[in-house]
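Each chain is listed here by its residues.
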Amino acid sequence: MAEAICHTQTQIAVGQIQVQQRHALRHVPILLPTICHVRRGEKRLYGGSDVVCADARHLILLPAGLSLSLENCPSADGYCADTVSFSLDLVHQFHSRYPDSPAALPRPAAASAVCVPLNPDSQRMWTHLLNTLADPHAAAALQQHALDGLLLALQLTGQAGGLLQARHDLLSVRVQQVLMAAPAAPWTVADVAKRLYVGASTLRRRLGEEGRPFRQLREEVRLGLALHWLQTTARPIGEIAADSGYASASRFAVRFRQHYGLSPRALRVTL
């Protein structure tokens, strides 16, 4: 496993997932817009009746608010994938800098819509982005510029899909962004409503209209961050459970297995 590197200045995070044994995960929540590239092995994405296989020839574009099931499948040399996640604020800033770029397509509902083939421009921009984020001396502005380069390459060829769609229209996504700031905090509807400048009853009603109850969103954030930490760091499971907001490691293990289909320890064995 490799430690994830977070760039707080530009709200960009880069991580690497390495897997030795094949494993499947159900209902993986995408909390931030994320781009993934599989270096070795294959990632299988399941959405509805779609099954899509992504390998080194593809980029996987995952918009915030999406949930999908997947399998990480090692080759003879194992499985390795790089991920870059970025804040919704950076999406808005991209649109303000490039207002004449083609409009983003609707949020993808099928797995096939999130997997796009690499072309020479996107390959070059992806490599440049990873190199820039790996440079500890790269200024925040250069990191963001490198991200913009990749997003623009995808946008100009019509490949960006829903990745660049502003998701502030979904209140559930905005709620998730608030919860991510402190996943272990004892958040209530009233707490989050105050942060979003809406009434608690309005928040409950609008989340109900989106089919995303507050308690479900809170657990998705906690389990989503826990999954990220389990896959990209060597932190102890008990520590991850506490930082995710669970009072005990055993309770965390039960909820993790119920949601993803395997226990934290079983996942770690495959890495």
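Check the entry above for the structure.
Treat the numbers as computed from the prediction; the structure is a model and nothing was measured.

Focus: the state of the cysteines
Inspection of the entire model under this criterion finds 0 disulfides. In this model Cys53 remains outside any disulfide bridge; the closest cysteine sulfur is found in Cys73, 7.4 Å from its own. With relative accessibility at 37%, the residue Cys53 sits in the partly exposed group.

Digging into the pattern of salt bridges
Taken as a whole and assessed by the stated rule, the structure comprises 11 salt bridges. Between Asp55 and Arg57 there is a salt bridge; the shortest N-O distance is 2.7 Å. Taking relative accessible area as the criterion, Arg57 reaches 59% and is therefore assigned exposed. Taken together, the shared-partner salt bridges in this structure form one network comprising Arg235, Glu239 and Asp243.

Some points on the packing of aromatic side chains
All chains considered together, the criterion is met by 4 aromatic pairs. For the pair Phe94 and Tyr98, a centre-to-centre distance of 5.0 Å together with 40° between the ring planes defines the contact as tilted. With a centroid separation of 4.6 Å and 55° between ring planes, the pair formed by Phe256 and Tyr260 is classed as tilted. Taken together, the positions of Phe256 and Tyr260, both in helix H9 (residues 249-260) and 4 residues apart, correspond to about one turn of that helix. With respect to class, Phe256 is no different from Tyr260; both count as buried. Ring pairs connect the aromatic residues Tyr246, Phe252, Phe256 and Tyr260, which therefore count as one cluster. Over the face of the ring belonging to Trp229 we find Arg235, whose NZ or CZ atom lies 4.9 Å from the ring centre.

Comments concerning unusual backbone geometry
At His27, a residue that is not glycine, the phi angle is positive and equals roughly 50°. Along the chain, the position of His27 falls in strand S3 (residues 23-29). Positive phi, close to 60°, is recorded for Tyr197, a residue that is not glycine. Tracing the backbone shows Tyr197 in the loop between helix H5 (189-196) and helix H6 (200-209). Overall, Tyr197 belongs to the exposed group, its relative accessible area being 76%.

Regarding the packing of helix H1 (residues 88-97) against helix H3 (residues 140-156)
Direction vectors running N to C along H1 and H3 enclose 70°, while the axes themselves pass 11 Å from each other. It follows that H1 is roughly perpendicular to H3 by the angle criterion. H1 and H3 meet at a crossing whose hand is right-handed. Contacts from Leu90, Gln93, Phe94, His95 and Arg97 in H1 reach Gln144, Leu147, Asp148, Leu151, Leu152 and Gln155 in H3.

A short note on the nonpolar core
Val175, Val192 and Phe252 are the most contacted members of the largest nonpolar core, which has 51 residues in total. Ranked by residue count, the leading element in this core is helix H7 (residues 214-232), at 9 residues. Core analysis: the next-biggest nonpolar cluster, separate from the first, contains 25 residues, Ile12, Leu130, Leu150 and Leu154 among them.

So, the environment of Leu88
Its location among the elements puts Leu88 in helix H1. For the pair formed by Leu88 and Pro63, sequence separation is 25 residues and the distance between their alpha carbons is 9.7 Å.

Describing the sheet that holds strand S5 (residues 42-47)
Read across the sheet, 4 strands follow the order S3-S8-S5-S6 without closing on themselves; strand pairing throughout is antiparallel. Edge positions in the sheet fall to S3 and strand S6 (50-54), since each has one partner strand and no second. This sheet shows a mean twist of 25° between the axes of neighbouring strands, independent of strand direction. Here S5 runs beside S6; their pairing, made up of 5 bridges, is antiparallel.

Section: the packing of H7 against H9
Running from N to C, H7 and H9 point in directions that differ by 95°, and their axes come no closer than 11 Å. Here H9 runs roughly perpendicular to H7, going by the angle between their axes. From H7, Glu219, Leu223, Gly224, Ala226, Leu227 and Leu230 reach across to H9, where they touch Phe252, Arg255, Phe256, His259 and Tyr260. Residues of the contact of H7 with H9, tallied by class, amount to 7 nonpolar, 2 polar and 2 charged.

Parameters at a glance
Residues numbered from 1 in each chain as written. Predicted model: local features only at pLDDT ≥ 70, side-chain atom pairs only at ≥ 80, totals over all residues. Heavy atoms only, no water. Disulfide = S-S within 2.5 Å. Buried < 20%, exposed > 50% of the residue type's maximum accessible area, 1.4 Å probe, protein only. Salt bridge = Lys/Arg side-chain N within 4 Å of Asp/Glu carboxyl O. Phe/Tyr/Trp six-rings, centres within 6.5 Å; stacked < 30°, edge-to-face > 60°. Helix = DSSP H or I, 4+ residues; strand = E, 2+ residues; numbered from the N terminus. Lys NZ or Arg CZ within 6 Å of the ring centre and 35° of its normal. Axes fitted to C-alpha atoms, helices over the stretch in contact; angles between N-to-C directions. Parallel < 35°, antiparallel > 145°, perpendicular 65-115°, else oblique. Left-handed = near helix turned anticlockwise from the far one by under 90°. Contact = heavy atoms within 4.5 Å. Core = buried A, V, L, I, M, F, W, Y, C linked by side-chain atoms within 4.5 Å. Pairing = 2+ DSSP bridges. Nonpolar A, V, L, I, M, F, W, Y, C, P; charged D, E, K, R; others polar.

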